[in-house]
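# Observations on the three-dimensional arrangement
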Amino acid sequence: MDMVVFFMANDRIYNFSAGPSMLPLPVLERAASEMTNYKGSGMSVMEMSHRSKVYQEIFDETKADLRRILSVPDTHEILFMQGGATLQFAAIPMNLISATGKADYAVTGNFAKLAMKEAKKYGDIHIAASTEDCSHTRIPAQSELDVRADASYFYYCANNTIYGTEWKYVPDTHGVPIVCDMSSDIMSKPVDISRYGIVYAGVQKNMAPAGMAVVMIDRSLAGHELPFTPTLMNYQTMIDKDSMYNTPPCYTIYMLGLVLKWVDSMGGVAGMEKLKIERAKILYDYLEDSKLFKAAAEPEARSDMNVTFRTGDEELDAKFVKESQAAGFSNLKGHRAVGGMRASIYNAMPIEGVVRLRDFMKDFEAHNQ
Ligand code: PMP
């Protein structure tokens, strides 16, 4: 018997991957149409010299669009850096910790913990808050944050991709610069970047194909790197060279430019926020009602980007993942560290994909009481 498979246009399936994840279809189509000959240049963007005029225009426009769409203040520089988000785990302490030799971290998930561990190589690291004792199902309240007054910076991860929790407030650190990993919720809502020393994000969820991190840094924090900091991880060098000390990830930057145009056409970050609230509500409302599935995160901490849930029975979870895959919903298996299921519903996920998933879950529940 043929399975009913929910295909989107162009035989695309609903991809709930945590990253790399879905890109907007119009972006892929535009990239495809420009693949072999970009605007009459006779070559692909992949084949261009990064020093050419035609490429410089792509680069400058992308950066300007990013500044406008994310309202990046003039105090902050935008950098395109290689090594994904993970290289920033080291770059941040290398560049910032010399102020006092100390830095404070909120450990609310796997990636915050990895960042904290990496930072320990470079100075005195204090855990300002941890949710490890409750398997990272919640976000600490402001009153729980123990930030040292002489910390060079306070670090947190805005959205915990694996656990499906999201900070709903910007911590008050009494003047200690805030460094924030927004890899999995960047560009999903308006953010006041001026409140942060650094906001950075690996691009492979809401911004572009993998291969880059966008770093938005208050310029006054740069220029104090530890002496052994590699040139390519030195924020001041990257500022001075406008992210082109060496060959940048040219094509990823071009794709980011196309995604920014799509975000613009959808009403900017305010438009993205409206959609993300709508998407998340469809799934969480159902999870509240469901007798079979339970949301993994506490209600006040729930992420609008990564919805984690489970049945409580590992075999049934596995059955759900298998059947959902066969029905055209891919990558719903939870991260190996936590099990269960995870639906990553980033900017490019159409509302229809979430409605179809909710209906599929209802159907599964009806057949697996
Ligand atoms: N931070 C967060 C919040 C993430 O979700 C990820 C990857 N999923 C990372 C950091 C690591 O990113 P990368 O693979 O680009 O190094």
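One structure accompanies this document, and this report is about it. Please read these numbers as outputs of a predicted model, since none were measured by experiment.

### Comments concerning the pattern of salt bridges
- With the rule as written, the count across this model stands at 24 salt bridges.
- Close ionic contact of Lys189 with Glu166 constitutes a salt bridge, the shortest N to O distance being 3.4 Å. Highlighted residues: Lys189 in the loop between strand 8 (178-181) and strand 9 (198-202) and Glu166 in strand 7 (residues 165-166), separated in sequence by 23 residues.
- A relative accessible area of 2% places Glu166 in the buried class.
- One network of salt bridges, with partners in common, ties together Glu61, Asp65, Arg68, Lys261 and Asp264.

### Observations regarding the sheet that holds strand 3 (residues 102-107)
- The mixed open sheet is built from seven strands, whose spatial order is 2-10-9-8-5-3-4. Each end of this open sheet is capped by a strand with a single partner; those strands are strand 2 (76-81) and strand 4 (124-130). Ignoring strand direction, the axes of neighbouring strands in this sheet form an average angle of 20 degrees.
- Here strand 2 pairs with strand 10 (residues 213-218) via six bridges, running antiparallel. Bridge assignment links His76 to a residue of strand 10, and that residue is Asp218.
- Each of strand 2, strand 3, strand 5 (154-157), strand 8, strand 9 and strand 10 touches helix 3 (residues 84-96); the most contacted strand, strand 9, lies at about 155 degrees to it.
- Across the sheet, helix 4 (residues 110-119) touches strand 3, strand 4, strand 5 and strand 8, and the angle it forms with strand 3 is around 160 degrees.

### Let's talk about the site of the ligand
- Among the 13 residues in the neighbourhood of the ligand, the closest are listed as Thr86, Thr161, Asp181, Gln204 and Lys205.
- Within the backbone of Ala85, one N or O atom sits 2.9 Å away from an oxygen atom of the ligand.
- Split into classes, the residues belonging to the shell around the ligand amount to four nonpolar, seven polar and two charged.

### Quick word on the pairing of strand 12 (residues 306-310)
- Counting buried residues along strand 12, four of its five residues qualify, which places the element largely inside the surrounding structure.
- Across two bridges, strand 11 (residues 294-295) lies against strand 12 in antiparallel orientation. Paired with Lys294 across the two strands is Arg310, which belongs to strand 12.

### Description of unusual backbone geometry
- Going from Gly19 to Pro20, the amide bond is cis rather than trans, its omega being -5 degrees.
- Looking at where Pro20 falls in the secondary structure, it is placed in the loop between strand 1 (14-15) and helix 1 (25-33).
- With a phi angle near 50 degrees, Asp242 is a residue other than glycine that sits in the positive phi range.

### Remarks on the sheet that holds strand 12
- An order of 11-12-14 is seen for the three strands of this open sheet, with the pairing classed as antiparallel. Each edge of the open sheet is held by one strand with a lone partner, namely strand 11 and strand 14 (341-344).
- Taken together, the four bridges between strand 12 and strand 14 define a ladder with antiparallel strand orientation. Across the sheet, residue Val307 finds its bridge partner in strand 14, namely Ala343.
- Contacts from helix 7 (residues 268-289) reach strand 11, strand 12 and strand 14, with the element oriented near 20 degrees to strand 12.

### With respect to the layout of surface pockets
- Of the volumes computed, that of the largest pocket is approximately 290 Å³.
- Surrounding the largest pocket, 21 residues form its lining, Ala85, Phe111, Thr161, Gln204 and Lys205 being those nearest its centre.
- Residue contributions to the lining of the largest pocket peak at four residues, all from helix 3.
- When grouped by side-chain class, the residues that make up the lining of the largest pocket number seven nonpolar, eleven polar and three charged.
- Counting contributing residues per domain, the lining of the largest pocket is built from domain 1 (9-20 + 268-367) and domain 2 (29-265), each supplying no fewer than three.

Rules and cut-offs
- Residues numbered from 1 in each chain as written.
- Predicted model: local features only at pLDDT ≥ 70, side-chain atom pairs only at ≥ 80, totals over all residues.
- Heavy atoms only, no water.
- Salt bridge = Lys/Arg side-chain N within 4 Å of Asp/Glu carboxyl O.
- Helix = DSSP H or I, 4+ residues; strand = E, 2+ residues; numbered from the N terminus.
- Buried < 20%, exposed > 50% of the residue type's maximum accessible area, 1.4 Å probe, protein only.
- Pairing = 2+ DSSP bridges.
- Axes fitted to C-alpha atoms, helices over the stretch in contact; angles between N-to-C directions.
- Contact = heavy atoms within 4.5 Å.
- Near = heavy atom within 4 Å.
- Polar contact = N/O pair within 3.5 Å; in protein donor to acceptor, adjacent residues only side chain to side chain.
- Nonpolar A, V, L, I, M, F, W, Y, C, P; charged D, E, K, R; others polar.
- 1 Å grid on protein atoms, 1.4 Å probe; cavity = no way out; pocket = protein on both sides within 12 Å on 5 of 7 lines; lining within 4 Å.
- Points joined across faces, edges and corners; volume = space filled by probe spheres on them.
- Domains from an automatic or database assignment.

Worth remembering: the numbers are spatial, not functional.
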